[in-house]
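Letter by letter, the chains look like this.
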Amino acid sequence: MLSLHQLRCFLTTYELGSLTAAAEELGYAQPSISEQIRGLEKTLGVQLFRRVGRGVVPTTVADELRPHAERTLAAAEDARKAVQSVKQFETGTIRFGMFGAARLYTGAQLVADVLERYPGVRVELIGQNSTEVHEELRRGRLEAAMIAVAGLESEGMTVTPVARDELVYISADPAHLSSPVTAHRLSLASLVMPETTWRQVDSIRIILRQMLHETGRNPASRIEVEDIETAVEIVGMGLADSVIPRGAAEQLLPRLAPNAGWVSLRPRHWDTFAIVHRADATLSPAARLMIELATARMQAIAEPLG
């Protein structure tokens, strides 16, 4: 049976036209290369080289064998790299981008899912806001991420929507929850809004600005905070109302604002969550795993897409 070592010796000899040069290239004694070539010729039942002076000339059979040998060695190298990649994956670090409020949907459970499969890995979930994470992707500091997107186009990126969550109006005043909130009512509301650092690019605020376009007003925020938990607490204190994803409302209101409730917007609007990565990227096993697990977690809570 022919071996990879025989094929490597054959190709090197073919390319250099000399058994001695092939031996120097591969770090073997010349008789060892000759023995490998003879063994290959015996296995195939053909002559591969003719001696000419101090060198060798390939036969037509060798010409025919060459591309097959190249493909075989290339496939073997791909197999080696794949195994090495998995080995490193099982003991290395997995980095994945997530928008800040994603922890309310998938955070701790996503980490648990990863460690259940690969107990030896180190996990890093990166990001406070989708815009920040998108910039990390653009700079190549992250392979892939799940972020909230106001639109489904991003230059140089592949954007795959996986779920959506309804945006709801939350308040501690029952009168504010008597019916769905229209654009006009929203334009008159006193709101507390999270993500103040990214207020110009935050996906929820973009949706609200589009909703209020007909009124000629921007969302009126009386209070600005960074995190959604603080916003919900302020709503529970009756100081302002807010608009947040329904999944976040269902998790946070019972704990942080038990006297508050929620109602839909009219018309209804959704925050869309998507897997994003560079359009030209070949994703690593780690990135593919995180995409699979994060998508499954998100679709178990929010409305699946695609």
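Residues numbered from 1 in each chain as written. Predicted model: local features only at pLDDT ≥ 70, side-chain atom pairs only at ≥ 80, totals over all residues. Heavy atoms only, no water.

1. Considering the domain arrangement of the chain
Thinking step 1. As assigned here, the chain comprises domain 1 (4-84), domain 2 (93-161 + 275-304) and domain 3 (163-270).
Thinking step 2. Relative placement of domain 1 and domain 3: their C-alpha centres are 70 Å apart. (Domains from an automatic or database assignment.)

2. A word on the packing of aromatic side chains
Thinking step 1. Applying the stated criterion to the full structure yields five aromatic pairs.
Thinking step 2. Note on Phe10 and Phe49: the rings are 5.7 Å apart at their centroids and 45° apart in plane angle, and the pair reads as tilted. In this pair, Phe10 sits in helix 1 (residues 4-16) while Phe49 sits in strand 1 (residues 49-52), placing the two residues 39 residues apart along the sequence.
Thinking step 3. Residue Phe49 is classed as buried on the basis of its relative accessible area of 8%.
Thinking step 4. Sitting over the face of the ring of Trp270, Arg164 holds its NZ or CZ atom 3.8 Å from the ring centroid. (Phe/Tyr/Trp six-rings, centres within 6.5 Å; stacked < 30°, edge-to-face > 60°. Helix = DSSP H or I, 4+ residues; strand = E, 2+ residues; numbered from the N terminus. Buried < 20%, exposed > 50% of the residue type's maximum accessible area, 1.4 Å probe, protein only. Lys NZ or Arg CZ within 6 Å of the ring centre and 35° of its normal.)

3. Here's the deal with the nonpolar core
Thinking step 1. Judged by nonpolar contacts, the single largest core of 45 residues is most densely connected at Phe96, Phe99, Met146, Ile170, Val232, Phe273 and Met298.
Thinking step 2. At eight residues, helix 11 (residues 285-301) tops the list of elements feeding residues into this core.
Thinking step 3. The residue makeup of this core includes at least three contributed by each of domain 2 (93-161 + 275-304) and domain 3 (163-270).
Thinking step 4. Sequence-distant contacts of Phe273, that is, excluding residues within four places in its chain, are made with Phe99, Tyr105, Ile147, Ala148, Thr160, Pro161, Val162, Ala163, Arg164, Asp165, Met298 and Ala302.
Thinking step 5. Among the nonpolar cores identified, the runner-up in size contains 18 residues, and Leu7, Cys9, Leu11 and Ala62 belong to it. (Core = buried A, V, L, I, M, F, W, Y, C linked by side-chain atoms within 4.5 Å. Contact = heavy atoms within 4.5 Å.)

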